[in-house]
Amino acid sequence: MQYQSQLVAKPYFIAAIGLFIAQIIFGLIIGTQYVIGDFLFPEIPFNVARMVHTNLLIVWLLFGFMGAAYYLVPEESERELYSPKLAIITFWVFLITGALTIVGYLAVPYATLAAMTGNDLLPTMGREFLEQPLITKVGIALVVLSLLYNVTMTTLMGRKTSITIILLMGLWGLAFFWLFAFYNPVNLVLDKYYWWWVVHLWVEGVWELIMAALLAFILIKVTGVDREVIDKWMYVIIALALITGIIGTGHHYYWIGTPSYWQWWGSIFSALEPIPFFVMTLFAFSMVNRRRRDHPNKIATLWALGTAVTAFVGAGVWGFMHTLAPVNYYTHGSQITSAHGHLAFYGAYVMVVLAIISYAMPIMRGRVANSPQAQLWETWAFWLMTISMVVITLLLTGAGVMQVWLQRIGDTPLSFMATQDELATFYWLRLVGGGVFFIGLIAYVISFFIKGDVVLVSVDGETKDEKVHIPLEDEIKAVEKQVVAKEKDKREEEHATAEEENKPEVALASTEFSVDEKSQKER
Amino acid sequence: MDNAFFTKSVARNIFFGGSVFFFLLFLVLTFDTTRKLPKTDFRENLTPAVVSGKHIWETNNCIGCHTLLGEGAYFAPELGNVYTRRGEAFIKVWMKAMPTDAPGRRQMPQFNLTEQQLDDLVAFLKWTSEIDTQGWPPNIEG
């Protein structure tokens, strides 16, 4: 770790993992309620458990993003965080607000909670994903503003990199679109229209900037590929993401009382939304293939590759599957939506947060990477969670196709509940998938407690595994300084070469993104 | 870098230019939609009862199980067209009879709504069922 203040990220990451565990437990509860309808009723009705499941996801991802920002910004800005103390205060405010909200959901009926928390003053509650009481919504806004103040000041006073600019744009965008959570017109159509400005413009808009910035940061660190190359890929990816994704919001405006032309705008632009995710996959693999060093943190690299691929499949392919209006006419609001939601969120956002945790956590714990034994546990966790989530998605897709067939197509459509009975087998198997996911998650948590052999990094950057315990902090600093210096040299060198040779860089379609180090030296 | 064809700064400019352009286009479409909405949402029928009904819908977290115009949870039936599917009397009797306590079946909580609240909720569901949703859902089952 180069700057002491990066350590404030640690409680954020720990809280994120804690809430992740809780999220999955509630996922298992609602998964069970899908097949045993009266499970835990009336203590925890489905709507409460589902709200806890989705809200915990949002909150723990926010914890992850915030931890990532507090970790990444000082390192990129090459200076200490503007105010570590503020970051810690903010952490506790967020954790306590979040915990009290969940307790509120579980302890009292939702209507009582709404009455208790002043929802009548400004009704914002009771909309999917935005169920939080007004106080919690204000709390989230304040917590994000505190983060923005802190990291923006740090950036302004330090080095400005493309990664921090994009990360900050993503975070500012997150804060801006959150404001629409406070807008709840009495006209349901308008309500839904602007509800998507939070939901869609978060996950298919500004969050993708955050994701791209985190992925770029991790890839620079683990592959040692030149920053200029990585930055360019990042810009291409986020350009494609926003160009397709903003108008792509239209794929939510087909059937909610909005004009029919959205079927064209939505279909055309959202059909292109898989492209940035595909480029992201190319990006991750191409950078890892062209790596200039073998970082001992293999599992962080695996998460980085995994997030690119799974986001492409979950958000890209599964999104495309039901995004065209004529298809969506039949699949809208079915289990297909649920299938897509699960793999997209897991692939794009869960995995990128786990990737940054996987990269940063060992460093914050005083080592460049976890022991091979700990990494093996985490690798098992990676595959168990990822494969089970893919299986869950396939099962929900099967359920969705059958649901559409029985309930919406055909001369004698079944009622919703009669259809659900027919889908029980899919739901049972999905629950098994959820169980395997939970086992993977337990393996993930265990990996943090596996000691194993210490990974040593010699100053020349080569790794060797030895069973000797020595304090590593100085060594890590030495290596990281060397890498930074190398990067700087390389930048200057390439800059000079490019000017000298007047050689155009290779275009996007080619596999090579810029003149690579070797060919330059040969020349 | 400056002389190359596709440089980082070109990529950056496409990003900034493209994002701004398409966001502005989105705003234009939003403006046009806002102008046209009265023709599809029939806002002239937004009576105080409908407004109150939406509030009751929200404060009981109905969206946590049901979908409304296809959005929400997928655990319980679509309610955007429940007014046409079941009618007022059925909805009110149903709400009062919950939960069924049938073993192993999905359970809907008892929300203890007053007669007035039930009427308002029905008014909201009636208004919702009249929104022009471009022919969705495909059939009455939602």
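Since the model is a prediction, treat every value here as computed from it, not as a measurement. Within every chain, residues take consecutive numbers counted from 1 along the sequence as written. Note on labels: chains are lettered from A, ligands numbered from 1, in written order. Per-residue local features are limited, in this predicted model, to residues with pLDDT of at least 70; the limit for side-chain atom pairs, both in listing and counting, is 80 or more; totals at the level of whole chains, interfaces and linings are taken over all residues. No hydrogens and no water enter the side-chain calculation; it runs on all heavy atoms of the structure.

Enquirer: Help me get a handle on the overall build of chain A, residues and values and all.
Expert: Helical segments are the DSSP runs of H or I of at least four residues, strand segments are the runs of E of at least two, and each set is numbered from the N terminus. When helices and strands are counted, chain A shows 18 helices and two strands. The rule is simple: take the accessible area with a 1.4 Å probe, protein chains only, and divide by the maximum for that residue type; under 20% is buried, over 50% is exposed, in between is partly exposed. Burial analysis of chain A (523 residues in total) assigns 62% to the buried set. Here the Shrake-Rupley method, with its probe set to 1.4 Å, supplies the accessible areas, and only the displayed protein chains count as covering residues. Total accessible area computed for chain A in this model is approximately 19,100 Å², and 71% of it derives from carbon and sulfur atoms.

Enquirer: I'd like a description of the side chain of Asn47(A), backed by residues and values.
Expert: Position of Asn47(A) among the secondary structure elements: in helix H2 (residues 46–77). Distance and chemistry together define a polar contact, namely a pair of N or O atoms within 3.5 Å, with one atom able to donate a hydrogen and the other to accept it when in protein, and with adjacent residues in sequence counting only for side-chain atoms on both sides. Polar side-chain contacts of Asn47(A) include one of 3.4 Å to the backbone oxygen of Asn61(B). Throughout, a contact is declared for two residues whenever any of their heavy atoms are within 4.5 Å. Every residue in contact with Asn47(A), bar those within four places of it in the chain, is listed here: Asn60(B), Asn61(B), Gly64(B) and Cys65(B).

Enquirer: A description of the pattern of salt bridges should follow, citing residues and the corresponding values.
Expert: Take a side-chain nitrogen of Lys or Arg and a carboxyl oxygen of Asp or Glu: if they are within 4 Å of each other, that pair is a salt bridge. Considering all chains together, one arrives at 19 salt bridges over all chains under this definition. Residues Arg127(A) and Asp191(A) are paired through a salt bridge, measuring 3.0 Å at the closest nitrogen-oxygen approach. Of this pair, Arg127(A) sits in the loop between helix H4 (110–116) and helix H5 (134–156) while Asp191(A) sits in helix H7 (residues 188–223), and the two are 64 residues apart along the sequence. For the residue pair Arg127(A) and Asp191(A), the accessibility class agrees, reading buried in each case. With a shortest N-O distance of 2.9 Å, Glu130(B) and Lys126(B) are connected by a salt bridge. Take Glu130(B): its relative accessible area is 35%, and that puts it in the partly exposed class. Residue Lys126(B) is classed as partly exposed on the basis of its relative accessible area, which comes to 33%.

Enquirer: Which residues make up the nonpolar core, and what values do they have?
Expert: Inside soluble globular proteins, nonpolar side chains tend to come together where they are buried. Counting residues in hydrophobic clusters, the biggest one holds 199 residues, and the most contacted among them are Trp60(A), Trp202(A), Trp207(A), Trp303(A), Met385(A) and Tyr444(A). Looking at this core, the element that brings in the most residues is H7(A), giving 28 residues. An automatic or database domain assignment supplies the start and end points of every domain. Split by domain, the residues of this core number at least three in each of domain 1 (1–37) and domain 2 (48–129) of chain B. We define a nonpolar core as any set of buried Ala, Val, Leu, Ile, Met, Phe, Trp, Tyr and Cys residues linked to one another through side-chain atoms lying within 4.5 Å. Counting five residues, the second-largest nonpolar core is a separate cluster that includes Tyr254(A), Trp255(A), Tyr329(A) and Trp136(B).

Enquirer: Run through the packing of aromatic side chains, naming residues and quoting values.
Expert: Pairing of aromatic rings covers Phe, Tyr and the six-membered ring of Trp, with a centre-to-centre limit of 6.5 Å; geometry is then stacked below 30 degrees between planes, edge-to-face above 60, and tilted otherwise. What the rule picks out here adds up to 61 aromatic pairs over all chains. Each ring, one from Trp178(A) and one from Trp202(A), has its centre 5.4 Å from the other, and the planes form 25 degrees; the classification is stacked. Here Trp178(A), found in helix H6 (residues 162–178), pairs with Trp202(A), found in helix H7; they are 24 residues apart in sequence, far enough to count as distant. Overall, the relative accessible area of 5% leaves Trp178(A) in the buried class. Classification of Trp202(A) as buried rests on a relative accessible area of 5%. Plain terms: the ring middles of Phe21(B) and Phe22(B) are 5.0 Å apart, the flat faces sit at 85 degrees to each other, and that makes the pair edge-to-face. Positioned above the aromatic ring of Tyr34(A) is the side chain of Arg430(A), whose terminal nitrogen or guanidinium carbon lies 4.8 Å from the ring centre. Put simply, a charge is over a ring when the Lys NZ or the Arg CZ is close to the ring centre, within 6 Å, and near the line of the ring normal, within 35 degrees. Over the aromatic face of Phe75(B) sits the side chain of Arg106(B), whose NZ or CZ is 4.5 Å from the ring centroid.

Enquirer: Any chance you could break down the packing of H7(A) against helix H10 (residues 274–289) of chain A for me, citing the residues and the numbers?
Expert: Residue and element names in this part refer to chain A. Angles run from 0 to 180 degrees between N-to-C directions of axes, and those axes are lines fitted to C-alpha atoms, restricted for helices to the stretch in contact. Remark: H7 packs on H10, axes separated minimally by 10 Å, with the N-to-C direction vectors making an angle of 10 degrees. By the angle between their axes, H7 is roughly parallel relative to H10. For the pair H7 and H10, the contacting residues are Glu208, Met211, Leu215, Ala216, Leu219 and Thr223 in the first and Phe277, Met280, Phe283, Ala284, Met287 and Val288 in the second. Partitioned by chemical class, the residues of the contact of H7 with H10 number ten nonpolar, one polar and one charged. To sort the angles, those under 35 degrees are grouped as roughly parallel, those over 145 as roughly antiparallel, those from 65 to 115 as roughly perpendicular, and the leftovers as oblique. Note on residue categories: nonpolar means Ala, Val, Leu, Ile, Met, Phe, Trp, Tyr, Cys or Pro, charged means Asp, Glu, Lys or Arg, and polar means any other residue, Gly included.

Enquirer: Provide a residue-level description of the interface of chain B and chain A, including the pertinent values.
Expert: Residue-level contacts link 74 residues of chain B with 95 residues of chain A. Summed over both partners, the interface of chain B with chain A comes to about 7,200 Å²; 65% of that surface belongs to carbon and sulfur atoms. Counting across the chain B and chain A interface gives five salt bridges. The salt bridge partner of Lys54(B) is Asp191(A), with a shortest N-O separation of 2.9 Å. Elements represented by at least two residues in the side of chain B that touches chain A include exactly helix H1 (8–36), helix H2 (38–41), helix H3 (48–59), strand S1 (67–68), strand S2 (71–72) and helix H6 (115–129) of chain B. Sort the elements by how many residues they give to the side of chain B that touches chain A and H1(B) lands first, with 19 residues. Note on terms: buried area is the combined drop in 1.4 Å-probe accessible area of two parts once they are placed together, counting the loss on both.

Enquirer: Residues and numbers for unusual backbone geometry, please.
Expert: For the peptide bond that leads from Met98(B) to Pro99(B), omega is -5 degrees, which places it in the cis range. Summarising the element assignment, Pro99(B) is placed in the loop between helix H5 (88–97) and H6. Here the bond from Trp136(B) into Pro137(B) is cis, since omega is -5 degrees, no more than 30 degrees from zero. Backbone geometry places Leu40(A), a non-glycine residue, at a positive phi of 60 degrees. Mapped onto the fold, Leu40(A) is located in the loop between helix H1 (9–33) and H2. Assessed through its relative accessible area of 31%, Leu40(A) is described here as partly exposed. Even without glycine at this site, Asn61(B) takes up a positive phi of about 50 degrees.

Enquirer: Outline the environment of Gln375(A), supporting the account with residue identities and numerical values.
Expert: Residue and element names in this part refer to chain A. Of note, Gln375 is situated in helix H14 (residues 372–408). Here Gln375 falls in the buried class, since its relative accessible area comes to 7%. Residues Gln375 and Ile450, 75 residues apart in the sequence, show an inter-C-alpha distance of 8.8 Å. Setting aside residues up to four positions removed in sequence, Gln375 forms contacts with Pro296, Asn297, Lys298, Ile299, Ala369 and Asn370. A polar atom in the side chain of Gln375 sits 2.9 Å from the backbone oxygen of Pro296.

Enquirer: Account for the environment of Ile336(A), with residues named and values stated.
Expert: All names here are of chain A. Here Ile336 lies in helix H13 (residues 335–364). Judged by its relative accessible area of 6%, Ile336 falls in the buried class. With 316 residues separating them along the chain, Ile336 and Phe20 place their C-alpha atoms 24 Å apart. With near-sequence residues (within four places) excluded, Ile336 lies in contact with Met321, His322, Thr331, Leu396, Thr397, Gly400 and Val401.

Enquirer: I'd like a rundown of the side chain of Arg430(A), residues and numbers included.
Expert: All names here are of chain A. Looking at the element boundaries, Arg430 is found in helix H16 (residues 424–447). Charged-residue counts in this description rest on Lys and Arg as positive and Asp and Glu as negative, His and the chain ends being excluded. No salt bridge is formed by the buried Arg430; its nearest oppositely charged neighbour, Glu128, is found at 13 Å. Once residues within four sequence positions are removed from consideration, Arg430 is found in contact with Gly31, Tyr34, Ile392, Leu395 and Leu396.

Enquirer: Explain the confidence of the model for chain A to me, and be specific about the residues and the numbers.
Expert: Segments scoring low in pLDDT should not have their predicted coordinates read at a detailed level. All names here are of chain A. On a range of 0 to 100, pLDDT expresses the predictor's confidence in each residue. Confidence in the prediction for chain A averages 92 pLDDT; 90% of positions are at 70 or higher. Confidence over residues 464–472 falls short of pLDDT 50; this stretch has 19 contacts with residues more than four positions distant or in other chains. In this model residues 503–523 is a low-confidence stretch, pLDDT under 50, and it forms 43 contacts with partners more than four residues away in sequence or in other chains.

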